[in-house]
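The lines below spell out each chain.
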Amino acid sequence: MGLNETPSANRLHIGFFGKRNAGKSSVVNAVTGQNLAIVSDVKGTTTNPVYKAMELLPLGPVVIIDTPGIDDKGTLGEMRVKRSRQVLNKTDIAVLVIDATCGKSEDDEKLIELFEKKDIKYVVVYNKADLEGHEETVGDNEIYVSAKTGYNINKLKEKIASLAVTDDITHKIVGDLISPSDFVVLVVPIDKAAPKGRLILPQQQTIRDILESDAVAIVVKENELKNTLDSLGKKPKLVITDSQAFEKVAADTPDDIYLTSFSILFARYKGNLEIAVKGAKTLDSLQDGDTVLISEGCTHHRQCDDIGTVKLPRWINNYTKKNLNFEFTSGTEFPEDLTRYKLIVHCGGCMLNEREMKYRYKCAVEQNVPITNYGILIAYVHGILKRSLQIFPDILAEIL
């Protein structure tokens, strides 16, 4: 992915919902002008949520999500409905597609209640208006369309666009912490776990944010940090490290240079830093037999020394000296019932949008389960979390 390509996590997520054969997939194709979804007269053609990152005028970069019917039946059908409901956790704007010849059903009403409960902006679309033959009076967030003839599709796109947040994003990853011409050193290990030929998403986004702030980004491997700092001729404002190299980087970074990690920056960026720092302190109260959930927002090939399934349990066990149980989830697999866990350790969530990350943290808070993230926990077990938060004095003073 290029540095100028908008990552899915930063795109507006638009989910299309409705009963089977209401014409969701046809409306998706009409709105996007592409055959993104398979269309069929057979009920239940869409069996899993379909995601497509694209440019949609007049909105710009978005992720379109076509979901299975909310009225699916049977054991498999119930699983499909559950997946459709899970999509709501990452949906910024919901489009409820209703067959105009049938009208609004009880299932549709329940879905609208969910939209409102989750504070999701939505529009109700009565499809197949060409078969209905007339329009009834509709509310401000309702519209009649025909995916078949294209009737009112442009108006639907305008209505969706009107629901989007139009304010410029004011929060930054690191840009508000630095000034023009500042040096920022990024420590990026290149090992067998690193993706071939590219940097991972948080590293790309952080570099872009530094450059947009007219500062200087210097990228080094962990074994080159000390020599780089000695030879720069100018003291960097900040060193940002991959969490796995935290201990070595902390040893090689002078105390008069701010130090933090990509994970800590992204916890702040997505509004979860205070909760995550408090969650890390739960390590001190874990007991034998407690269960810890380690959750990743994406799926990837597991390496022999994988951070989530191998390194984190090892670090946690070494720190707590307790006999703990570990469970693991990845991708969209995030349990609804968290009460059996004494601690949740989540990844930085670079592949999840802000809405879904806040949803996961909200679930944990509401169920009184402490939650933290990889980088914050790693800094805590190595005794360097306080130092890693010195660039955030208000947070440091409040929670440590």
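Computed from a predicted structure; not experimentally measured.

1. Here we look at the pattern of salt bridges
Summed over the entire model, instances satisfying the criterion amount to 15 salt bridges. A salt bridge links K104 to E142; the nearest nitrogen and oxygen atoms lie 3.3 Å apart. Placement of K104 in the loop between β4 (93-99) and α3 (106-117) and of E142 in strand β6 (residues 142-144) is noted, with a sequence separation of 38 residues between them. Residue classification places E142 among the buried residues on the basis of a relative accessible area of 15%. A salt bridge links R340 to E327; the nearest nitrogen and oxygen atoms lie 3.2 Å apart. Residue R340 is found in the loop between β12 (325-329) and β13 (343-346), and its partner E327 is found in strand β12; the two are separated by 13 residues along the sequence. Counted as one network, the salt bridges with shared partners bring together K90, E356 and R360.

2. Overview of the pairing of strand β11 (residues 291-295)
Extensive coverage of β11 is indicated by the burial of five of its five residues. Residue alternation in β11 divides its side chains into two sets, T291, L293 and S295 and V292 and I294, and both sets are buried. Relative to β12, β11 runs parallel, the two sharing five bridges. When the bridges of β12 are listed, I294 appears paired with F328. In terms of strand pairing, β11 meets β13 through four bridges, oriented parallel. Each residue of the ladder has a partner; that of S295, found in β13, is H346.

3. Concerning unusual backbone geometry
With a phi angle near 65°, N152 is a residue other than glycine that sits in the positive phi range. With respect to the secondary-structure elements, N152 resides in the loop between β6 and α5 (153-163). When its relative accessible area of 15% is taken as the criterion, N152 is described as buried. Phi is positive for K321, which is not a glycine, with a value near 60°. In this structure K321 comes out as exposed when scored by relative accessible area, which is 66%.

4. Remarks on the nonpolar core
When a protein is soluble and globular, its nonpolar side chains tend to lie buried together. Within the largest apolar cluster, 73 residues are counted, with the highest numbers of intra-cluster contacts made by L273, V292, L312, L338, V345, I376 and F392. Sort the elements by how many residues they give to this core and helix α13 (residues 374-381) lands first, with seven residues. Here this core gathers at least three residues from each of two domains, domain 2 (183-266) and domain 3 (272-384). Those residues in contact with I376 that lie beyond four places of it in its chain are I264, A267, L273, A276, V277, A280 and L385.

5. So, the sheet that holds β12
Strand order across the open sheet formed by four strands is β12-β11-β13-β14, with parallel pairing between neighbours. Lying at the two open borders of the sheet, with one neighbouring strand each, are β12 and β14 (371-373). Between one strand axis and the next, the sheet turns by 25° as a mean value, whatever way the strands run. Relative to the sheet, helix α12 (residues 354-366) contacts β11, β13 and β14, its axis offset from that of β14 by approximately 140°.

Calculation notes
- Residues numbered from 1 in each chain as written.
- Predicted model: local features only at pLDDT ≥ 70, side-chain atom pairs only at ≥ 80, totals over all residues.
- Heavy atoms only, no water.
- Salt bridge = Lys/Arg side-chain N within 4 Å of Asp/Glu carboxyl O.
- Helix = DSSP H or I, 4+ residues; strand = E, 2+ residues; numbered from the N terminus.
- Buried < 20%, exposed > 50% of the residue type's maximum accessible area, 1.4 Å probe, protein only.
- Pairing = 2+ DSSP bridges.
- Core = buried A, V, L, I, M, F, W, Y, C linked by side-chain atoms within 4.5 Å.
- Domains from an automatic or database assignment.
- Contact = heavy atoms within 4.5 Å.
- Axes fitted to C-alpha atoms, helices over the stretch in contact; angles between N-to-C directions.

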